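Chain and residue survey
Residue strings, one per chain:
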Amino acid sequence: MMPVAIALLLSAAVPPMPIGGGEGLPPEAAVARALDGHPLVAAAEARVGEARADAQALSAGPHEVVVQGIVQRRDVRGTGMVPEYDLQFTRPIRLPGKAALDRRAGQSGVRAAENRAEDARHQAALLLSRQWWAWLGAAAEARTLTDVAAIMADAVAATRMRLALRDASALELDQALAAEAAARAGAAQAAARATAARAALAASFPDLPLPASAPSLPEPVMPAEGSEVLAALVVARSHEIGATAADLDRAEALKARAVRDRIADPSIGVRAFSEQGGNEKGIGLIFSVPLGGRSRAAAVDKARAASVAAAADLAAMRASIGAMAAEEAALATGYLDAWQDARRAVEASNAAAERQRTGYRLGGVDLADRLLTERLARDAALEEVRARTAALETITRLRIDAHTLWLSADSHPP
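Attention here is on the structure that accompanies the text. What you see is a predicted model; the values in this text were computed from it and never measured.

Within the structure shown, the criterion is met by one aromatic pair. Note on W132 and W135: the rings are 5.5 Å apart at their centroids and 85° apart in plane angle, and the pair reads as edge-to-face. Of this pair, W132 and W135 both sit in helix α4 (residues 98-164), separated by three residues, roughly a single helical turn. Assigned by exposure class, W132 and W135 land together as buried.

Next up, the structure:
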């Protein structure tokens, strides 16, 4: 039983395959369908339609033809009741330059909505990655602790044998049984976390087909581009920056529009009338223009302040994304190094544990020494799994943020 248990622990500690492109992740076609069906993505796509409709409205302008008419009967002395009417058609006209600014504001709104739709897909992809690795990591911990429990069961069997030969005490058997039970309890807890993580993943992405059991954790490997290049791509391809830049362009257009609107749009029209039963008739042109007051000046001040705020928002967004990209690149490199150290720790602790197991079988090692060594080996194996999961999740997040995984690099570029 001992060789089988050792093989199980080593198989849990040493991953079977490297993660070259998408190994260890769900198929890209399945991910694309899952992201398409996510409510955040659907809502953001609907807001793109809303922005396009708003752009059409801005392009058409707010002015419409106004029809005004009066139909009446007047009592004229000596004539009696006579019919009369007064009918006029008027329409405000946008002054030159205003329509172009309205179209610019509408197009900027569409760009902002498109970038936010892509960012919603981006956020959904990050959620999928986070929940995917949480599932695989918990399942790997459960498998590791199950293998530890199998090793401790072997220790229990060896202790029973030594107890029968009067080479061990009942206390030592109790200690071995307690260690086995603790390992099984830990495995059960990790299995529960894995089940919960799979349930959360399935609930968040019902269109993503999931295997019954979690795949094994692959080896984390830094992509060929390297962390620094990926960090630069995170900033260059950020749709959050793109949306904020579009917001700034819209604010600039609205500011220029407010300045031009200090001079109000005139209205022109046609008037036709008939009075005293048709004895007096006429047709003519109508012209009117509002005289701007303090409200228009305040509107300009408001638009200027909004433009300044939008520029500050863009600067803050660039700084935030740049800091996040640098942090992710550093974490990806650091977690990868930490995992490599953890793997070496597993190899060393497994070698020490194997020597203790051999010594215990031969009666040259006390149970307390063996349990201590087994506990160190268990802790090293768990730390290796957690370090591997953290490295995988961080590298995947960096690739998603850089739009080299699951996302298009050129859709609605900033």
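Now that the structure is up, let's keep going.
Attention now goes to helix α3 (residues 39-60). A rise of 1.5 Å per residue sets the reference length of α3, with its 22 residues, at 32 Å; its end C-alpha atoms lie 32 Å apart and thus fit the reference within 8%. Within the sequence span of α3, burial applies to V41, A44, V48, A51 and A55. The arc that holds the buried residues of α3, viewed along the axis, is 65°, so those residues lie on one side. In α3, those exposed residues whose orientation departs by more than 90 degrees from the buried face are P39, A46, E50, Q56 and A60.

Moving on: the layout of surface pockets. By volume, the largest pocket is sized at about 350 Å³. Residue lining of the largest pocket: 19 residues in total, with D102, L254, R257, A258 and D261 positioned closest to the centre. A per-element tally of the lining of the largest pocket places helix α7 (residues 239-260) first, with six residues. Looking at the lining of the largest pocket residue by residue, the class counts come to eight nonpolar, three polar and eight charged. In this model, the second largest pocket occupies a volume close to 200 Å³. Looking at the second largest pocket, the residues that line it are A44, R47, A51, D54, G109, A112, A113, R116, A117, D247 and R250. Contributions of two or more residues to the lining of the second largest pocket are made by α3, α4 and α7. In terms of residue count, α4 provides more of the lining of the second largest pocket than any other element does, five residues in total. Its residues placed into classes, the lining of the second largest pocket shows five nonpolar, one polar and five charged.

This next bit is on the pairing of strand β2 (residues 80-92). Judged from the eleven bridges that link them, strand β1 (residues 66-76) and β2 form a sheet pairing that is antiparallel. Bridged to G69 within β2 is L87. What sits between the antiparallel neighbours β1 and β2 is a turn of three residues, in which G78 has the positive phi angle 85°. Here eight bridges tie β2 to strand β3 (residues 267-275), and the two strands are oriented antiparallel to one another. Opposite T90, over in β3, you have G269 as the bridge partner.

As enumerated under the stated definition, the model contains 22 salt bridges in all. Here R52 makes a salt bridge to E114, at a shortest N to O gap of 3.1 Å. One end of the pair, R52, is in helix α3; the other, E114, is in helix α4, and 62 residues separate them in sequence. Judged by relative accessible area, which is 42%, R52 ranks as partly exposed. With its nearest N and O atoms 3.0 Å apart, the salt bridge here joins D249 to R104. You can see D249 sitting in helix α7 and its partner R104 sitting in helix α4, a full 145 residues away along the chain.

Criteria and cut-off values
Residues numbered from 1 in each chain as written. Predicted model: local features only at pLDDT ≥ 70, side-chain atom pairs only at ≥ 80, totals over all residues. Heavy atoms only, no water. Phe/Tyr/Trp six-rings, centres within 6.5 Å; stacked < 30°, edge-to-face > 60°. Helix = DSSP H or I, 4+ residues; strand = E, 2+ residues; numbered from the N terminus. Buried < 20%, exposed > 50% of the residue type's maximum accessible area, 1.4 Å probe, protein only. Expected span 1.5 Å × (residues − 1). Arc of directions from axis to C-beta. 1 Å grid on protein atoms, 1.4 Å probe; cavity = no way out; pocket = protein on both sides within 12 Å on 5 of 7 lines; lining within 4 Å. Points joined across faces, edges and corners; volume = space filled by probe spheres on them. Nonpolar A, V, L, I, M, F, W, Y, C, P; charged D, E, K, R; others polar. Pairing = 2+ DSSP bridges. Salt bridge = Lys/Arg side-chain N within 4 Å of Asp/Glu carboxyl O.

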